[in-house]
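Structural features, examined
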2 protein chains.
Amino acid sequence: MDALQGTTAKAFLAMTSYVPTQATQTFCSIATSVSILNALTMQEVDKRPVTETYAPYPYFTQQDFVNSPCVTNVTSDVDHCGTTLSQLNAILKCIDPSRTISKYHASTASLDEFRRKAVDALSGLGGVAINFDRKSLGQPGGGHWSPLGAYAAASDAFLLLDVAKYKLPYAWVAATDLFAAMNTMDNSANMSRGFIIIA
Amino acid sequence: MDALQGTTAKAFLAMTSYVPTQATQTFCSIATSVSILNALTMQEVDKRPVTETYAPYPYFTQQDFVNSPCVTNVTSDVDHCGTTLSQLNAILKCIDPSRTISKYHASTASLDEFRRKAVDALSGLGGVAINFDRKSLGQPGGGHWSPLGAYAAASDAFLLLDVAKYKLPYAWVAATDLFAAMNTMDNSANMSRGFIIIA
């Protein structure tokens, strides 16, 4: 575990520090969002909202997030795990207009582009939210969201910080498999799934 | 991050996979317990309870845990973060009588014993719950519980997986400092704090 003490592990520890179990079976995009927002504000906690539960300590929570006008103005269908790639991108831009937030549909991106942008973000304390099809990975369920936590060059794999912890723990997934799982059709959007980079 | 893919990282990933933010400002021992119980059952999910929230997937949750007779028979004071070392030990033995669960008051243990037992547990997918005084570490707050996640030999430090994530993220703490923070008086027990090993 000594390797975890190096500077390259800082982003990893920031990300893993803040991943909750999604509060309901439909809150995958919400849990993913608050993981990343709490991690990105680790050194700037004054950018977090103060909630009743944890006052006076500021913290992004799933319940407050889902009640935000930034969510309710974009979709009334979160209860079906219903944020598409475009919807979550719009929600995150509304939550924090000061950040650079970019969405990439896998159908118009490439594996190389995904790997490069995700590794860049994870190396610099940025966040990567991925929208993928579980079936494509042989997992139970369908469309899902989770953050990424780390990249291992030797095996070209990303650590998937699954927010549905009652289903699956964190796991290393080959970049090619992850990209294929994102390059699937989201029928509620009529577009492919993909990833969002939050810097 | 390649180092995280080795076999020595398995216990670390199991532990970090399941740490929630404590559901309220008083649920530190509860959040610590469910972290460890979910991690220890990662390969035996049939040993987890099925809860309404995540059915059909079995999972230990903080709310179900706190409502368990194993908790309510031991203390009615959880709302003040009030499980002493002895109380949480009794609760955990009641929750799963099949496990080996041992408590150690820091006042009658030694730093060497703590280090050896904690490293043993973390190396073998066991869990370590520590009860310590935040003030002793220069942190805001008083008595607190959290699980440990890893040990780094080079710096003789443990990774503290703080469940009060709204206060502090995961952090490496020197074994000596951690032991000193456990070797403090818990006035509600009239005994020192300490640690529990769950195997």
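Residues numbered from 1 in each chain as written. Chains lettered and ligands numbered in written order. Predicted model: local features only at pLDDT ≥ 70, side-chain atom pairs only at ≥ 80, totals over all residues. Heavy atoms only, no water.

An unreviewed UniProt entry lists chain A under the name glutathione gamma-glutamylcysteinyltransferase, from Emiliania huxleyi.

**Some thoughts on the side chain of B:S29**
Residue and element names in this part refer to chain B. Looking at the element boundaries, S29 is found in helix α2 (residues 28-40). For S29, a relative accessible area of 1% translates into the label buried. Excluding its chain neighbours within four sequence positions, the residues that come into contact with S29 are T83, L88 and W145. (Helix = DSSP H or I, 4+ residues; strand = E, 2+ residues; numbered from the N terminus. Buried < 20%, exposed > 50% of the residue type's maximum accessible area, 1.4 Å probe, protein only. Contact = heavy atoms within 4.5 Å.)

**Re the nonpolar core**
Ranked by size, the top nonpolar core spans 77 residues in total, and within it A:F65, A:L92, A:I196, B:F65, B:L92 and B:I196 carry the most contacts. In this view, B:L92 contacts B:S33, B:L37, B:F65, B:I101, B:I196 and B:I198; residues no more than four positions away in its chain are not counted. (Core = buried A, V, L, I, M, F, W, Y, C linked by side-chain atoms within 4.5 Å.)

**Focus: the relation of the copies chain B and chain A**
Once chain B is rotated about the relating axis by 180 degrees and shifted along it by 0.0 Å, it coincides with chain A to within an RMSD of 0.0 Å. When the rotation and shift are considered jointly, the pair of chain copies conforms to a two-fold rotation axis. Taking C-alpha positions as the reference, the residue of chain B nearest the rotation axis is B:P20, at 2.6 Å. The fraction of interface residues of chain B whose copies in chain A are also interface residues reaches 100%, indicating that both copies meet through the same surface. (Least-squares fit on C-alpha atoms with pLDDT ≥ 70 in both.)

**Section: the sheet that holds strand β4 (residues 157-160) of chain A**
All names here are of chain A. Taking strand neighbours across the sheet as the criterion, the six strands line up as β1-β8-β2-β3-β4-β5 in an open arrangement whose pairing is antiparallel. Each end of this open sheet is capped by a strand with a single partner; those strands are β1 (101-105) and β5 (171-174). Geometrically, the sheet is characterised by an average inter-axis angle of 35 degrees between neighbouring strands, direction not taken into account. Sheet contacts for helix α5 (residues 85-95): β1, β2 (127-133), β3 (143-152) and β8 (194-198); angle to β1, the most-contacted strand, approximately 175 degrees. (Pairing = 2+ DSSP bridges. Axes fitted to C-alpha atoms, helices over the stretch in contact; angles between N-to-C directions.)

**Comments concerning the pairing of β2(A)**
All names here are of chain A. Here β2 lies mainly inside the structure; seven of its seven residues are buried. Pairing geometry for β2 and β8, over five bridges, is antiparallel. Within β8, the position partnered with A129 by the bridge is I196. The sheet contact formed by β2 and β3 spans five bridges and is antiparallel.

**Here we look at the pattern of salt bridges**
Going through the model one piece at a time under the given rule, you end up with twelve salt bridges over all chains. The partner of A:K47 in a salt bridge is A:E44, and the shortest N-O contact between them spans 3.1 Å. Taking relative accessible area as the criterion, A:K47 reaches 43% and is therefore assigned partly exposed. In this structure A:E44 comes out as partly exposed when scored by relative accessible area, which is 30%. A salt bridge links B:D112 to B:R115, with the nearest nitrogen and oxygen atoms 2.9 Å apart. Taken together, the positions of B:D112 and B:R115, both in helix α6 (residues 111-123) and three residues apart, correspond to about one turn of that helix. A relative accessible area of 47% means that B:D112 is categorised as partly exposed. Through salt bridges with shared partners, a single ionic network connects A:D112, A:R115 and A:D156. (Salt bridge = Lys/Arg side-chain N within 4 Å of Asp/Glu carboxyl O.)

**A word on the sheet that holds strand β4 (residues 157-160) of chain B**
All names here are of chain B. Taken in spatial order, the six strands of this open sheet run β1-β8-β2-β3-β4-β5, and their pairing is antiparallel. Of all the strands in the sheet, just β1 (101-105) and β5 (171-174) have a single pairing partner and so form its edges. Strand-to-strand twist in this sheet, taken as the mean axis angle between neighbours without regard to direction, amounts to 35 degrees. Sheet topology places β4 next to β5; four bridges connect them, and they run antiparallel. When the sheet's bridge partners are listed, F158 is paired in β5 with V173. Along the sheet, α6 contacts β1, β2 (127-133), β3 (143-152), β4 and β8 (194-198); its crossing angle with β3, the most-contacted strand, is approximately 70 degrees.

**Let's talk about the environment of B:S17**
Structurally, B:S17 is set in helix α1 (residues 10-17). For B:S17, a relative accessible area of 1% translates into the label buried. A C-alpha to C-alpha distance of 25 Å links B:S17 and B:L137, two positions 120 residues apart in sequence. Excluding residues within four positions of it along the chain, B:S17 makes contact with A:K165, A:P169 and A:Y170. Among the polar contacts listed, one links the side chain of B:S17 to the backbone nitrogen of A:Y170, at a separation of 2.9 Å. (Polar contact = N/O pair within 3.5 Å; in protein donor to acceptor, adjacent residues only side chain to side chain.)

**Quick word on the packing of α2(B) against helix α5 (residues 85-95) of chain B**
Residue and element names in this part refer to chain B. One can describe the packing of α2 onto α5 by two numbers: an axis separation of 12 Å at closest approach and a directional angle of 40 degrees. For the pair α2 and α5, the crossing hand works out as right-handed. Judged by residue contacts, S29, S33 and L37 of α2 engage L88, L92 and I95 from α5. Looking at side-chain class alone, the contact of α2 with α5 contains four nonpolar, two polar and no charged residues. (Left-handed = near helix turned anticlockwise from the far one by under 90°. Nonpolar A, V, L, I, M, F, W, Y, C, P; charged D, E, K, R; others polar.)

**Here we look at the state of the cysteines**
Residues and elements named next belong to chain A. Counted by the stated rule, this structure contains two disulfides over all chains. Covalent S-S linkage joins C70 and C94, the inter-sulfur distance amounting to 2.0 Å. Taking the sign of the S-S torsion, -70 degrees for the link of C70 and C94, the bridge is left-handed. Placement of the pair is C70 in helix α4 (residues 69-72) and C94 in helix α5, with a sequence separation of 24 residues. For C70, a relative accessible area of 11% gives the class buried. (Disulfide = S-S within 2.5 Å.)

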